[in-house]
Amino acid sequence: EGAAYEVAATGLLADIAPIVNQADLSEFSTEDEPMARARVIHASPDAPAVDVAAKGGDVLIENLAFPDASDYLVVPAASYDLEVRPTGTEDVALDLPGVALDAGMVYSIYAIGYVSDGSLTVLPVTATTVAPEATPTP
């Protein structure tokens, strides 16, 4: 009760498996300090463990392996240029320019696809921190 979850099916059909993660929709942003909350979920079965970093800069999420989710980061609402790198390297496996994170929003950014066939990409999933109003039953 009072919790929100994301469920993702991962892997090929022969070995498909669910990833279940709880979404943190607690309050964290104010009008005076507009923040966003984001995490990364490694959902690419053939990709190595990765680091997520600011473009050309510091690592923000370290050594994230399939099928794990990072902890949430609370960051100022803004647009960010990010890179996904094999853990411990400066090699860019996936360039993510202009990742827009809006104030008061919660993001799960899934790394999906396969390295082997060139389909590796990201799928952002957005959750609002405001619960929808209940619709009365006629």
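Rules and cut-offs
Residues numbered from 1 in each chain as written. Predicted model: local features only at pLDDT ≥ 70, side-chain atom pairs only at ≥ 80, totals over all residues. Heavy atoms only, no water. pLDDT = per-residue confidence, 0-100. Helix = DSSP H or I, 4+ residues; strand = E, 2+ residues; numbered from the N terminus. Core = buried A, V, L, I, M, F, W, Y, C linked by side-chain atoms within 4.5 Å. Buried < 20%, exposed > 50% of the residue type's maximum accessible area, 1.4 Å probe, protein only. Contact = heavy atoms within 4.5 Å. Pairing = 2+ DSSP bridges. Axes fitted to C-alpha atoms, helices over the stretch in contact; angles between N-to-C directions.

What about the confidence of the model for the protein?
(1) Moving on: Of all residues in the protein, 92% attain a pLDDT of 70 or more, and the chain-wide mean is 89.
(2) Moving on: Strand β5 (residues 59-64) holds the highest mean pLDDT among the elements of the protein, 97, whereas strand β10 (residues 121-128) holds the lowest, 87.

Let's talk about the nonpolar core
(1) Moving on: Judged by nonpolar contacts, the single largest core of 16 residues is most densely connected at Val40, Val84, Leu96, Val99 and Leu101.
(2) Moving on: Looking at this core, the elements with two or more residues in it are β3 (35-42), β4 (50-54), β5, β7 (78-86), β8 (94-101) and β9 (105-112).
(3) Moving on: Here this core gets four residues from one element, more than from any other, and that element is β8.
(4) Moving on: Excluding its chain neighbours within four sequence positions, the residues that come into contact with Leu96 are Tyr80, Asp81, Leu82, Val84 and Val122.
(5) Moving on: Among the nonpolar cores identified, the runner-up in size contains five residues, and Ala8, Ile41, Ala43 and Tyr110 belong to it.

Re the sheet that holds β7
(1) Moving on: The four strands are arranged β5-β4-β7-β8 in an open sheet whose pairing can be described as antiparallel. On the outer flanks of this sheet lie β5 and β8, each paired with one strand and no other. The sheet shows a mean angle of 20° between the axes of neighbouring strands, direction not considered.
(2) Moving on: Two elements, β4 and β7, share five bridges in a ladder whose sense is antiparallel. Among the inter-strand pairings, Asp51 is bridged to a residue of β7, identified as Arg85.

Some thoughts on the pairing of β9
(1) Moving on: Within β9, six of the eight residues are buried, which leaves it mostly tucked inside the rest of the structure.
(2) Moving on: Sheet analysis places β3 next to β9, joined by six bridges and oriented parallel. Directly across from Arg37, in β9, lies its bridge partner Val106.

Details of the pairing of β7
(1) Moving on: Pairing analysis gives six bridges linking β7 to β8, with the strands arranged antiparallel. The residue of β8 that forms the bridge with Val84 is Leu94.

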